[in-house]
Amino acid sequence: SKSHSRVGLKSSTKQKTTIFSTLASEKSLSDCKKEQPWKPSVYSSLTPACFTSPLIEKPTGKESMPQTPPFSAMFDSSGYNRNLYQSAEDSCGGLCYHDNNLLSGSLEALIQHLVPNVDYYPDRTYIFTFLLSSRLFMHPYELMAKVCHLCVEHQRLSDPEGDKNQIRKIAPKILQLLTEWTETFPYDFRDERMMRNLKDLAHRIASGEEQTYRKNVQQMMQCLIRKLAALSQYEEVLAKISSTSTDRLTVLKTKPQSIQRDILTVCSDPYTLAQQLTHIELERLNYIGPEEFVQAFVQKDPLDNDKSCYSERKKTRNLEAYVEWFNRLSYLVATEICMPVKKKHRARMIEYFIDVARECFNIGNFNSLMAIISGMNMSPVSRLKKTWAKVKTAKFDILEHQMDPSSNFYNYRTALRGAAQRSLTAHSSREKIVIPFFSLLIKDIYFLNEGCANRLPNGHVNFEKFWELAKQVSEFMTWKQVECPFERDRKILQYLLTVPVFSEDALYLASYESEGPENHVEKDRWKSLRSSLLGRV
């Protein structure tokens, strides 16, 4: 029977499946297809802003920058180790270590620890962790102002007669810190106060004798401006899509059903559809800044002085837009299944989406997979018993078993670890793809934040907690950089992003019209919906 929601209600009695065993052992069509080169963004001709690959040219000789590991290698130790690179002694005090791992510190000491000097440059792990978590205690522009002050005063950048040799040693390090900040958290610089401070400090560095610094400052600023422009363009497209969206029922009233397109007329191949869904997922993931995870819960977690750090308007809403995409895909799946008049067409549509979901699993696109399963488990779809009786559900049972929420999504987490492992040893872009079930990732980060205090009883910042937070976010940062290897199909992408979908009420109405109400409650609801939506009695 398909009258109840299927996710999590049963464990398949078939063999237990793990990532890329049962499903991936059958070589999919897409495996055989030749890998396509990366094409421009789904939304524009601009390629997504890339998070790594600094444009800074490293000065040669003694002044060259400490080499820091890429994101995938950043968080593989148990904590921030002061001996990873040349490390400052605790001259400013206020930092607590255990077995050389930084556990806590006063906010001032942690800020001091961020700022390089002639003999010291903070490792990239620390920079990322502190820039990510500091916004729970102060605005990024306040931190930037402090960093600028420390750089200028302590390093005598303000003194034109200062030791030129010292400035030559420190300038590239300060420039490297600014580059790391602008590359990793570019959206911070939508704030004019941030941009002012950045330009001021960059100008001080560039006004020296070294031509290289001037060129590097220029490259850093150009890279930042490109990223911010790409974000603005992306937001405009999202706003346009949102403003033109209409309810599918409204469209049905104006056009006869016979000339309505469905997904099968646009893309009959489930493998191709899974690939186009992956394009959209990676595009949207790419625009989410790491700080948005912190902002998602900082508003619910006021600071000690009872004012939220983000009481001002947030600078971005890419995270929310991505969650909205998940909901849209679920409703699109339900709409496509409930729309056909004939039972055999509805059954065919269900089987089509099972194949799409299966290919999403093989690709490592767990977000689209979960959205499709959610759409198929919406009540208007799951109540269609006669339709489900015509569907071969064995493959669907396996997929549901993989995404079963019991034991805190144990099966999914095992599959995700398998995909992440595959990504680390990948030989092709296709094998690098890991798109997590996003709502669960947010939930994990939220509970990590809720479960530990930001400050210790002595007033120190609980750096151990933020180490864990940064570890989770940095894994996401690695995944979001993957370039989509599949060829783009503009027509399919356009359909997925813009085709009208049914509202929940319209879905129920379509479901009752397809397979009549089974009890008095359903009958009353059907009458009410016919009256309100169609103006019929």
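Position numbers for residues start from 1 in each chain and track the written sequence from start to end. This being a predicted model, a pLDDT of at least 70 is required before a residue's local features are given, and a value of 80 or more before pairs of side-chain atoms are given or counted; all residues contribute to the totals for chains, interfaces and linings. Excluded from the side-chain calculation are hydrogens and water; included are all heavy atoms of the structure.

Section: the overall build of the protein
1) Next: Each helix is a run of DSSP H or I of at least 4 residues and each strand a run of E of at least 2, with the numbering of both proceeding from the N terminus. Along the protein, the regular secondary structure elements total 26 helices and 3 strands.
2) Next: Expressed as a percentage of its 537 residues, the buried residues of the protein come to 54%.
3) Next: Taking all contacts inside the protein whose residues are at least 6 apart in sequence as the whole, residues at least 24 apart take part in 78%. Relative accessibility decides the category of a residue: with a 1.4 Å probe and only protein chains considered, values under 20% of the type maximum give buried, values over 50% give exposed, and everything between is partly exposed. Residue contacts follow a heavy-atom distance rule, with two residues in contact if any of their heavy atoms lie within 4.5 Å.

Thoughts on helix α7 (residues 164-184)
1) Next: Given the number of residues in a helix, its expected span is that number minus one, multiplied by 1.5 Å. Between its first and last C-alpha, α7 extends 30 Å over 21 residues, near the 30 Å set by a 1.5 Å rise per residue.
2) Next: A residue's bend is given by the angle between axes fitted to the 7 residues ending at it and the 7 residues starting at it. Maximal helix bending in α7 amounts to about 25 degrees, located at I170; proline P172 follows within four positions.
3) Next: With respect to burial, α7 is a largely interior element, 16 of its 21 residues being buried.

Section: the pattern of salt bridges
1) Next: The term salt bridge refers to a pairing of a side-chain nitrogen on Lys or Arg with a carboxyl oxygen on Asp or Glu at a separation within 4 Å. Tallied over the entire structure, the rule returns 15 salt bridges.
2) Next: Its salt-bridge partner being R317, residue E324 comes within 2.6 Å of it at the nearest N-O pair.
3) Next: We classify E324 as partly exposed; its relative accessible area is 42%.
4) Next: The class for R317 is partly exposed, based on a relative accessible area of 43%.
5) Next: Of the charged contacts, one joins R413 and D444 as a salt bridge, the two residues approaching to 2.8 Å between their closest N and O atoms. Taken together, the residues span a long stretch of sequence, with R413 in helix α20 (residues 406-424) and D444 in helix α22 (residues 438-451) at a distance of 31 residues.
6) Next: In this structure D444 comes out as partly exposed when scored by relative accessible area, which is 22%.

Digging into the sheet that holds strand β3 (residues 461-462)
Remark on secondary structure: sheet strands pair via backbone hydrogen bonds, oriented parallel or antiparallel.
1) Next: Strand order in the open sheet formed by 3 strands is β1-β2-β3, and the pairing between neighbours is antiparallel. Both edges of this open sheet fall to β1 (95-98) and β3, since each of them pairs with a single strand only.
2) Next: The pairing criterion for strands is at least two bridges between them, as found by DSSP. The pairing of β1 with strand β2 (residues 101-105) spans 4 bridges and is classified as antiparallel. Within the sheet, the bridge partner assigned to H98 lies in β2 and is N101.

What to know about the nonpolar core
1) Next: By convention a nonpolar core is built from buried Ala, Val, Leu, Ile, Met, Phe, Trp, Tyr and Cys residues, the set being connected through side-chain atoms within 4.5 Å. If you look at the biggest cluster of nonpolar residues, it comprises 151 residues, and the most contacted ones within it are L273, F353 and M376.
2) Next: The split into domains, and so the bounds of each, comes from an automatic or database assignment of domains. Structurally, this core is a two-domain feature, drawing no fewer than three residues from each of domain 1 (95-224) and domain 2 (262-299 + 315-502).

Side note on the environment of W467
1) Next: Among the structural elements, W467 can be located in helix α23 (residues 463-480).
2) Next: You can call W467 buried: its relative accessible area is 4%.

Let's talk about the packing of aromatic side chains
1) Next: Each aromatic pair joins two rings of Phe, Tyr and Trp (for Trp, the six-membered one) with centres within 6.5 Å, and gets the label stacked for planes under 30 degrees apart, edge-to-face for over 60, and tilted for any other angle. Tallying each qualifying case throughout the model produces 20 aromatic pairs.
2) Next: Ring geometry for F366 versus Y412: centroids 5.5 Å apart, planes at 80 degrees, classification edge-to-face. Note that F366 is positioned in helix α16 (residues 366-376) and Y412 in helix α20, a separation of 46 residues in sequence. Y412 carries the same exposure label as F366, and that label is buried.
3) Next: Measuring from centroid to centroid gives 5.5 Å for Y446 and F447, while their planes differ by 75 degrees, and the two rings are edge-to-face.
4) Next: For a ring to carry a charge above it, either NZ of a lysine or CZ of an arginine must fall within 6 Å of the ring centroid while also lying within 35 degrees of the normal to the ring plane. For R193, the ring lying beneath its charged end belongs to Y141, and the centroid distance is 3.6 Å.
5) Next: The cationic tip of R525 hangs over the ring face of Y508; the distance from NZ or CZ to the ring centre is 3.8 Å.

Overview of the packing of α22 against α23
1) Next: At their nearest, the axes of α22 and α23 sit 10 Å apart, and the two run at 170 degrees to each other. Comparing the axis directions of α22 and α23 gives the class roughly antiparallel. Contact residues: F438, L441, D444, I445, L448 and N449 in α22; K465, E468, L469, Q472, V473 and F476 in α23.
2) Next: Looking at the contact of α22 with α23 residue by residue, the class counts come to 7 nonpolar, 2 polar and 3 charged. Geometry is summarised by axes, namely lines fitted to C-alpha atoms with helices restricted to the contacting stretch, and by angles between N-to-C directions that run from 0 to 180 degrees. Comment on the angle field: the value is read as roughly parallel under 35 degrees, roughly antiparallel over 145, roughly perpendicular from 65 to 115, and oblique elsewhere. Classification convention: Asp, Glu, Lys, Arg as charged; Ala, Val, Leu, Ile, Met, Phe, Trp, Tyr, Cys, Pro as nonpolar; all other residues, Gly among them, as polar.

Focus on the side chain of R422
1) Next: In this structure, R422 sits in helix α20.
2) Next: Among buried Asp, Glu, Lys and Arg side chains, R422 stands out as unpaired, with E431 the closest opposite charge at 6.1 Å.
3) Next: Counted as a polar contact is a pair of N or O atoms within 3.5 Å, where, for protein atoms, one must be capable of donating a hydrogen and the other of accepting one, and residues adjacent in sequence contribute only when both atoms are in side chains. Among the polar contacts listed, one links the side chain of R422 to the backbone oxygen of I363, at a separation of 2.9 Å. Positive: Lys, Arg. Negative: Asp, Glu. His and the chain ends are not part of the count.

Here we look at the confidence of the model for the protein
1) Next: For the protein, per-residue confidence averages 80 on the pLDDT scale, and 75% of positions sit at 70 or higher.
2) Next: Every residue gets a pLDDT, meaning the predictor's confidence in that residue, from 0 to 100. The model gives residues 1-69 a pLDDT under 50, and that stretch makes 163 contacts with residues more than four places away or in other chains.
3) Next: Every residue in residues 82-92 is under pLDDT 50, and counting partners more than four places away or in other chains gives 21 contacts.

Overview of the pairing of β2
1) Next: Among the 5 residues that make up β2, 4 are buried, leaving the element largely enclosed by the rest of the structure.
2) Next: Hairpin connection of β1 to β2: 2 residues between the antiparallel strands, including D99 at a positive phi of 50 degrees.

Here's the deal with a positive patch on the surface
1) Next: A contiguous patch of positive charge, built from K342, K343, K344, K386 and K390, is present on the exposed surface.
2) Next: For K344, a relative accessible area of 55% puts it in the exposed group. Excluding any residue in a salt bridge, patches collect residues exceeding 30% relative accessible area, merging like charges within 9 Å and nonpolar Val, Leu, Ile, Met, Phe, Trp and Tyr side chains within 5 Å. The accessible surface values rely on the Shrake-Rupley method and a 1.4 Å probe; as for residues, cover is taken only from the protein chains in view. Just so you know, the charge point we use is NZ for Lys, CZ for Arg, CG for Asp and CD for Glu.

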